[in-house]
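Reading the structure
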Amino acid sequence: MSADAAATTDDGSDPVLRVEDLRVSYGEVTALRGVDLHVQAGEIVGVIGPNGAGKSTLADAVSGHLPYEGSVTYRGREVADARASELVADGLIHCTETRDLFGHMSVADNLDLGTYRHRNDVDARREFVYELFPTLAERTGQNARTLSGGEQQMLAVGRALMSDPDLLLLDEPTLGLAPVVVDDISDGIEQIRDAGVTVLLCEQNVTFAIDHADRIYLLENGRIEREGTPATLRGDEYIRDAYLGG
Ligand SMILES: Nc1ncnc2c1ncn2[C@@H]1O[C@H](COP(=O)(O)OP(=O)(O)OP(=O)(O)O)[C@@H](O)[C@H]1O
Ligand SMILES: [Mg+2]
């Protein structure tokens, strides 16, 4: 077991998510080559890396959607031993890179689909999402497929929040968004943090990840190449040259 995988919090509690020597292949293509990481309750942990690094593969494996070798435990339970629906019921919510919205359903109905995990406090949670993204509140009856890309992104994040997640996997929430919309998503992440949700944030937008994460892992070609706080990574010459434009 690596030093990282063995990590516990200061009070000795186990991480919410623990990934050890995770390996995933798609036929001949090896996407993850032995990844170790952990996420503690209340943390926002960023996974950064270029196209094809394996970020989405990591999120898919963690949420129980891919066969893997090695170990992924969520709240101490091996993910491979649970059904994806059981993981959702236990608060592990994945907001995928492809959004998975229901295009012919309204904003409000897409949000309500997020509440199948439990149906208490639905109004309060819907209100939280509309406060987070006022644009959605103005479009409650509009079909999801007619939303702009940025609005769809807000809806996907909003729907994930409707499930009242304990661990939220966010895959590229800023992908393809204009800076002003990235700012909205930024505000959203900070409010999600204030609400105490634990987040694993997969992002190619390194500045965004560094701005919001408590700790960051750099994934390249299926391996973790760096790990540290935003301050450590900002001071890392390689990260500065390769990812922060010098
Ligand atoms: N279904 C698949 N079949 C074959 N190869 C795949 C499949 N999905 C991903 N890969 C390969 O696995 C590697 C990792 O892909 P992944 O989507 O995890 O990267 P990523 O870091 O999320 O990239 P991006 O930033 O472009 O979203 C890539 O080389 C990709 O081509
Ligand atoms: Mg991806």
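Up top is the structure.
Residues numbered from 1 in each chain as written. Chains lettered and ligands numbered in written order. Predicted model: local features only at pLDDT ≥ 70, side-chain atom pairs only at ≥ 80, totals over all residues. Heavy atoms only, no water.

Helices and strands together make up the secondary structure of the chain, namely 10 helices and 10 strands. Relative to the 2.2 N^0.38 estimate, which gives 18 Å for 246 residues, the radius of gyration of the chain is 18 Å and therefore close to what a compact globule would have. Each of the three principal axes of the chain carries a C-alpha extent, and together these read 50 × 45 × 40 Å. For the chain, long-range pairs separated by at least 24 residues make up 65% of all intrachain contacts whose partners lie at least 6 apart in sequence. As displayed, the chain offers around 10,900 Å² of accessible surface, 46% of which is attributable to carbon and sulfur atoms. When the 21 positive and 43 negative side-chain charges of the chain are each reduced to one mean point, those points stand 3 Å apart. (Helix = DSSP H or I, 4+ residues; strand = E, 2+ residues; numbered from the N terminus. Rg over C-alpha atoms; globule rule 2.2 N^0.38 Å. Contact = heavy atoms within 4.5 Å. Areas by Shrake-Rupley, 256 points an atom, 1.4 Å probe, with all protein chains shown as cover. Lys, Arg positive; Asp, Glu negative; His and termini not counted. Charge placed at Lys NZ, Arg CZ, Asp CG, Glu CD.)

Another aspect to go through is the coordination of the magnesium ion (ligand 2). Distances from the magnesium ion (ligand 2) to its protein donors, namely Ser56 (OG) and Glu97 (OE), fall within the range 2.0 to 2.7 Å. Placement of the pair is serine 56 in helix 1 (residues 55-62) and glutamate 97 in the loop between strand 6 (92-95) and helix 3 (107-113), with a sequence separation of 41 residues. (Donors = N, O, S within 2.8 Å, 3.2 Å for Na, K, Ca; no water.)

Here the focus is the site of ligand 1. Around ligand 1 sit 14 residues, and of these Asn51, Gly52, Lys55, Thr57 and Glu97 come closest. Glutamine 204 is positioned with one of its side-chain polar atoms (N or O) 3.0 Å from an oxygen atom of ligand 1. Notes on ligand 1: free accessible area 630 Å², of which the protein chains cover 63%. Among the secondary structure elements, those contributing two or more residues to the shell around ligand 1 are strand 2 (29-39) and helix 1. Per element, the largest residue contribution to the shell around ligand 1 is three residues, and it comes from helix 1. Taken together, the residues that form the shell around ligand 1 break down as five nonpolar, six polar and three charged. (Near = heavy atom within 4 Å. Polar contact = N/O pair within 3.5 Å; in protein donor to acceptor, adjacent residues only side chain to side chain. Nonpolar A, V, L, I, M, F, W, Y, C, P; charged D, E, K, R; others polar.)

Inspection of every chain in the model, using the stated rule, returns one aromatic pair. Where tyrosine 238 meets tyrosine 243, the ring centres are 6.4 Å apart and the plane angle is 80°; that geometry is what we call edge-to-face. Taking relative accessible area as the criterion, tyrosine 238 reaches 34% and is therefore assigned partly exposed. (Phe/Tyr/Trp six-rings, centres within 6.5 Å; stacked < 30°, edge-to-face > 60°. Buried < 20%, exposed > 50% of the residue type's maximum accessible area, 1.4 Å probe, protein only.)

Going through the model one piece at a time under the given rule, you end up with 17 salt bridges. Among the salt bridges present, the one from arginine 23 reaches glutamate 69, with a minimum N-O distance of 3.4 Å. One end of the pair, arginine 23, is in strand 1 (residues 17-26); the other, glutamate 69, is in strand 4 (residues 69-74), and 46 residues separate them in sequence. When its relative accessible area of 31% is taken as the criterion, arginine 23 is described as partly exposed. Given the relative accessible area of 48%, glutamate 69 is considered partly exposed. Ionic pairing is found between arginine 234 and aspartate 211, a salt bridge with its closest N-O pair at 3.5 Å. Here the residue arginine 234 occupies a position in helix 9 (residues 230-234), and aspartate 211 occupies one in helix 8 (residues 206-212), the gap between them amounting to 23 residues. On the basis of relative accessible area, arginine 234 is assigned to the partly exposed category, the value being 40%. Overlapping salt bridges bring together Asp21, Arg23 and Glu69 as one network. (Salt bridge = Lys/Arg side-chain N within 4 Å of Asp/Glu carboxyl O.)

What follows covers the nonpolar core. Within the largest apolar cluster, 45 residues are counted, with the highest numbers of intra-cluster contacts made by Leu136, Leu155, Leu168, Leu170 and Val199. By residue number, the principal contributor to this core is helix 6 (residues 149-162), which donates seven residues. Setting aside anything within four residues of it in sequence, one finds leucine 168 in contact with Ile93, Ala160, Leu161, Ile192, Val197, Thr198, Val199 and Leu200. If you look at the next biggest cluster of nonpolar residues, it comprises 30 residues, including Val24, Ala59, Leu66 and Tyr217. (Core = buried A, V, L, I, M, F, W, Y, C linked by side-chain atoms within 4.5 Å.)

A separate point is helix 1. Among the eight residues of helix 1, seven are classified as buried, and the element is accordingly described as predominantly covered. Taken together, the buried positions of helix 1 are occupied by Lys55, Ser56, Thr57, Leu58, Ala59, Ala61 and Val62. The first or second residue beyond helix 1 is glycine 64, which carries a positive phi of 85°.

Here the focus is the packing of helix 6 against helix 7 (residues 179-194). One can describe the packing of helix 6 onto helix 7 by two numbers: an axis separation of 10 Å at closest approach and a directional angle of 10°. One finds that helix 6 runs roughly parallel with respect to helix 7. Residues Gly150, Gln153, Met154, Val157 and Leu161 of helix 6 lie in contact with helix 7, whose contacting residues are Val181, Asp184, Ile185 and Ile192. Class assignment of the residues belonging to the contact of helix 6 with helix 7 gives a composition of six nonpolar, two polar and one charged. (Axes fitted to C-alpha atoms, helices over the stretch in contact; angles between N-to-C directions. Parallel < 35°, antiparallel > 145°, perpendicular 65-115°, else oblique.)

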